[in-house]
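Take a look at the letters that make up each chain.
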Amino acid sequence: MLIGGSWVDADERIDVIHPYDGERVGSVPMATEGQATEAVDAAAAAFDASTLSAYERYELLSTAAREVEERADEIARILTSEQGKPLPDARGEVDRAVQTLDLSAEQAKRMFGEYVPMDAQRGFAKDHCFTQREPLGVVAAITPFNFPLNLMVHKVGPALAAGNSVVGKPASNTPLTAVALFECLEAAADAIDASVPDGLINLVTGSGSTVGDVFLEHDAVEAISFTGSTPVGKYLAANSGMTEVTLELGGNDPTIVWSDTDIEQAAAQVVGGACSNAGQVCNSVERVLVPEDIEDEVVAALVDAAESLTVGDPFEAGTEVSSMVDDDQFETVVDLFESTVDAGATVECGGRYGGDLGPRTFEPTVLSGVTPEMPAAREETFGPLVPVITVEDFDDAIREANNTNYGLEAGLFTQDIDRAKRAADEIDAGGVNINTVSGFRADHMPYGGFKDSGVGKEGIKYAVEHFSRAKLVGFHQGFNA
């Protein structure tokens with residue numbers, strides 16, 4: 001763990017397991033409460049000591065991007081070894097992380113305030129006011145297993161860009177990628193021609209509850225950015241007091257495929273959006289809504305797309321879908337699948353899991369005859385299932401899209417501009433994507449959901465706003481001596 005500028009161990013360690021074959025690939029320390037507190041203390045002291053200018057923060061982050069870029073293949077292999085996603089997808093995540101660091105670096109130079117015209121109100125014609133943005137202090141970054149590199153960068157990059165110090169806490173089953181990232185950040189701090197205080201960048205590993213409670217209770221933590229499950233997010237929100245929180249939580253995201261689109265192309269995107277990363281994506285396609293009169297055509301196209309995917313070892317060339325991250329995640333998907341089939345859904349393709357596929361592998365599976373009350377329609381799947389639900393008309397499609405406690409993202413395939421506008425206006429989600437799936441995300445765009453999907457927005461510019469505060473500065477008529 002990186003605490004106060006030093007790499008430190010702990011009395012206990014956690015093994016990291018390769019999801020596909022169950023082999024041990026490494027281990028990390030299990031932080032004590034005292035070590036987590038020490039990390040926050042170090043971050044607070046470093047924040048107070050830091051004199052980094054906007055340009056120097058830009059230099060730190062852009063240099064870190066080059067460090068990650070130089071180690072790209074190594075980091076991608078670490079990522080696949082602990083998370084289980086196919087190696088090309090891991091390389092794609094590393095590339096996105098490099099871009100996210102570069103975008104964060106640029107944003108460090110764009111901490112703009114604004115002039116406030118005071119003469120808009122009677123009696124203030126000679127007063128001048130403007131705002132300036134200032135960092136908060138210590139930002140705690142808690143990340144999940146599904147994108148262990150880029151989601152950490154999405155928190156650490158904007159936090160440093162805004163002038164804060166950070167303490168990162170990765171998921172316990174995928175911490176090795178974060179260790180590599182923080183090695184790159186430390187190397188960048190040593191390389192730039194500026195004084196980066198020890199403790200500006202810290203990393204602790206281990207129990208989420210132990211470290212999370214320290215983040216909640218320590219007075220120096222000014223912001224917590226969390227990506228993960230809705231229950232944990234609600235716990236953080238309920239216990240955070242006046243601490244700024246950004247919560248990127250679960251989803252049960254709908255994608256509507258309408259009759260006026262290219263069904264084969266839409267089906268290919270839907271299956272990719274449902275099965276990428278073995279379905280372990282917050283905004284993956286969780287429900288496919290189709291009109292009754294094209295159900296058979298859509299299901300057939302979905303089956304073709306699902307059966308074309310190659311399932312196997314994530315290190316083997318050509319693999320597109322591999323294992324889920326651990327036994328708990330795998331068993332959750334199996335239970336949800338079995339209970340949905342027991343409730344009357346039809347398996348159109350797939351449905352095999354474990355055994356010869358691998359101990360935590362579930363093949364892409366298309367389900368028809370799914371109704372809104374079935375588990376695969378009601379709950380967040382987080383696995384490679386493609387549940388198809390029929391709707392009577394577009395009014396019914398909108399109602400069903402909103403028939404969830406979540407509201408992360410949604411997708412709609414249509415060539416009708418009026419239908420697209422209705423979806424944009426009426427679907428209750430943080431993002432509505434026309435002619436692509438719910439799983440669309442670019443790293444600089446605002447990203448975050450409504451309802452049980454969280455609060456706040458990620459995306460570099462928007463995260464920097466969450467990690468800073470606006471101060472009003474007023475100049476008023478002085479007094480003659």
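So, how was this worked out
Residues numbered from 1 in each chain as written. Predicted model: local features only at pLDDT ≥ 70, side-chain atom pairs only at ≥ 80, totals over all residues. Heavy atoms only, no water. Helix = DSSP H or I, 4+ residues; strand = E, 2+ residues; numbered from the N terminus. Rg over C-alpha atoms; globule rule 2.2 N^0.38 Å. Buried < 20%, exposed > 50% of the residue type's maximum accessible area, 1.4 Å probe, protein only. Contact = heavy atoms within 4.5 Å. Areas by Shrake-Rupley, 256 points an atom, 1.4 Å probe, with all protein chains shown as cover. Lys, Arg positive; Asp, Glu negative; His and termini not counted. Charge placed at Lys NZ, Arg CZ, Asp CG, Glu CD. Pairing = 2+ DSSP bridges. Axes fitted to C-alpha atoms, helices over the stretch in contact; angles between N-to-C directions. Parallel < 35°, antiparallel > 145°, perpendicular 65-115°, else oblique. Left-handed = near helix turned anticlockwise from the far one by under 90°. Nonpolar A, V, L, I, M, F, W, Y, C, P; charged D, E, K, R; others polar. Polar contact = N/O pair within 3.5 Å; in protein donor to acceptor, adjacent residues only side chain to side chain. Core = buried A, V, L, I, M, F, W, Y, C linked by side-chain atoms within 4.5 Å. Right-handed = clockwise from strand over helix to strand, strands pointing away. Phe/Tyr/Trp six-rings, centres within 6.5 Å; stacked < 30°, edge-to-face > 60°. Lys NZ or Arg CZ within 6 Å of the ring centre and 35° of its normal.

1. What about the overall build of the protein chain?
Helix and strand content of the protein chain: 15 helices and 22 strands. Whereas a compact globule of 481 residues would reach a radius of gyration of roughly 23 Å, the protein chain reaches 24 Å, a difference of no more than 12%. Expressed as a percentage of the 481 residues in the protein chain, the buried residues total 57%. Excluding contacts between residues fewer than 6 apart, the proportion of contacts in the protein chain whose partners are at least 24 apart in sequence is 73%. In the structure as shown, the protein chain presents an accessible area of about 19600 Å², 47% of it carried by carbon and sulfur atoms. Here the protein chain contributes 31 positive and 81 negative side-chain charges, whose respective centroids are spaced 8 Å apart.

2. Notes on the sheet that holds strand β19 (residues 431–434)
Reading across the sheet, the 7 strands line up as β14-β15-β16-β13-β12-β18-β19 and stay open at both edges, with mixed pairing between neighbours. Each edge of the open sheet is held by one strand with a lone partner, namely β14 (346–349) and β19. Strand-to-strand twist across the sheet, computed as the mean angle between neighbouring axes with direction ignored, equals 25°. Sheet topology places strand β12 (residues 254–257) next to strand β13 (residues 287–291); 3 bridges connect them, and they run parallel. Across the sheet, Pro254 pairs through a bridge with Arg287, a residue of β13. Contacting β12, β13, β16 (385–391) and β18 (409–413), helix α9 (residues 263–275) crosses the sheet at an angle of about 130° to β16. The sheet strands contacting helix α13 (residues 394–401) are β12, β13, β16 and β18, and the helix crosses β13 at an angle near 170°.

3. Description of the packing of helix α5 (residues 150–161) against helix α6 (residues 176–191)
The geometry of α5 relative to α6 is characterised by a closest axis approach of 11 Å and an angle of 25° between their N-to-C directions. Overall, the two elements α5 and α6 adopt an arrangement that is roughly parallel. Where α5 crosses over α6, the two elements pack in a sense that is right-handed. The segment α5 lies against α6, with Met152, Val153, Val156 and Leu160 engaging Ala178, Leu181, Phe182 and Leu185. Looking at the contact of α5 with α6 residue by residue, the class counts come to 8 nonpolar, no polar and no charged.

4. Some remarks on the side chain of Arg71
Mapped onto the elements of the fold, Arg71 is located in the loop between α2 (54–70) and α3 (72–83). Classification of Arg71 as buried rests on a relative accessible area of 19%. Looking at Arg71, its side chain comes within polar contact range of the side chain of Glu74, at 2.9 Å. A distance of 3.0 Å separates polar atoms of two side chains, one belonging to Arg71 and the other to Glu183. If near-sequence neighbours (up to four positions away) are discounted, Arg71 is found in contact with Ala180, Glu183 and Cys184.

5. Quick look at α13
Counting buried positions along α13 gives 6 out of 8 residues, so the element sits mostly inside the fold. Of the residues making up α13, those classed as buried are Phe394, Asp396, Ala397, Ile398, Glu400 and Ala401.

6. A few points about the nonpolar core
Ranked by size, the top nonpolar core spans 52 residues in total, and within it Val68, Leu149, Leu160, Leu181, Phe182, Leu185 and Leu200 carry the most contacts. Among the secondary structure elements, those contributing two or more residues to this core are α2, α3, α4 (87–108), β7 (138–142), α5, α6, β9 (201–203) and α15 (460–466). Leaving out residues up to four positions away in the same chain, Leu160 has contacts with Arg57, Leu60, Leu61, Val166, Leu185, Leu200 and Ile201. Counting 29 residues, the second largest nonpolar core, distinct from the first, contains Trp258, Leu289, Phe337 and Ile389.

7. Here we look at the pairing of β7
With 5 of its 5 residues buried, β7 lies for the most part within the structure. Here β7 shows a buried face lined by Val138, Ala140 and Ile142 and a second buried face lined by Val139 and Ala141. When β7 meets strand β8 (residues 165–169), the two strands line up parallel, connected through 5 bridges. Across the sheet, the residue bridging to Ala140 is Val167, located in β8. Crossover handedness for the path β7 to α5 to β8: right-handed. The pairing of β7 with strand β10 (residues 221–227) spans 5 bridges and is parallel. From the neighbouring strand, Ala140 faces β10, where its bridge partner is Ile224.

8. What to know about the packing of aromatic side chains
Tallied over the full model, the rule gives 8 aromatic pairs. Each ring, one from Phe337 and one from Tyr353, has its centre 6.3 Å from the other, and the planes form 80°; the classification is edge-to-face. Note that Phe337 is positioned in helix α11 (residues 327–342) and Tyr353 in the loop between β14 and β15 (365–368), a separation of 16 residues in sequence. Given the relative accessible area of 4%, Phe337 is considered buried. Three or more aromatic residues link up through ring pairs in this structure, and these residues are Phe330, Phe337, Tyr353 and Phe362. In this structure, Lys85 is placed above the aromatic ring of Phe147, and the distance from its NZ or CZ to the ring centre is 3.9 Å. Above the plane of the ring of Phe394 lies Arg419, whose end atom (NZ or CZ) is 5.5 Å from the centre.

9. Quick look at the sheet that holds strand β22 (residues 468–475)
With respect to topology, 3 strands assemble into an open sheet ordered β5-β6-β22, the strand pairing being antiparallel. Of all strands in the sheet, those bounded by a partner on one side alone are β5 (115–116) and β22. The pairing of strand β6 (residues 128–135) with β22 spans 8 bridges and is antiparallel. Bridged to Gln132 within β22 is Lys471.

10. Examining unusual backbone geometry
With a phi angle near 55°, Asn277 is a residue other than glycine that sits in the positive phi range. One can find Asn277 in the loop between α9 and β13. Since its relative accessible area comes to 4%, Asn277 is described here as buried.

Scope: geometric values only; no functional claims are made or implied.
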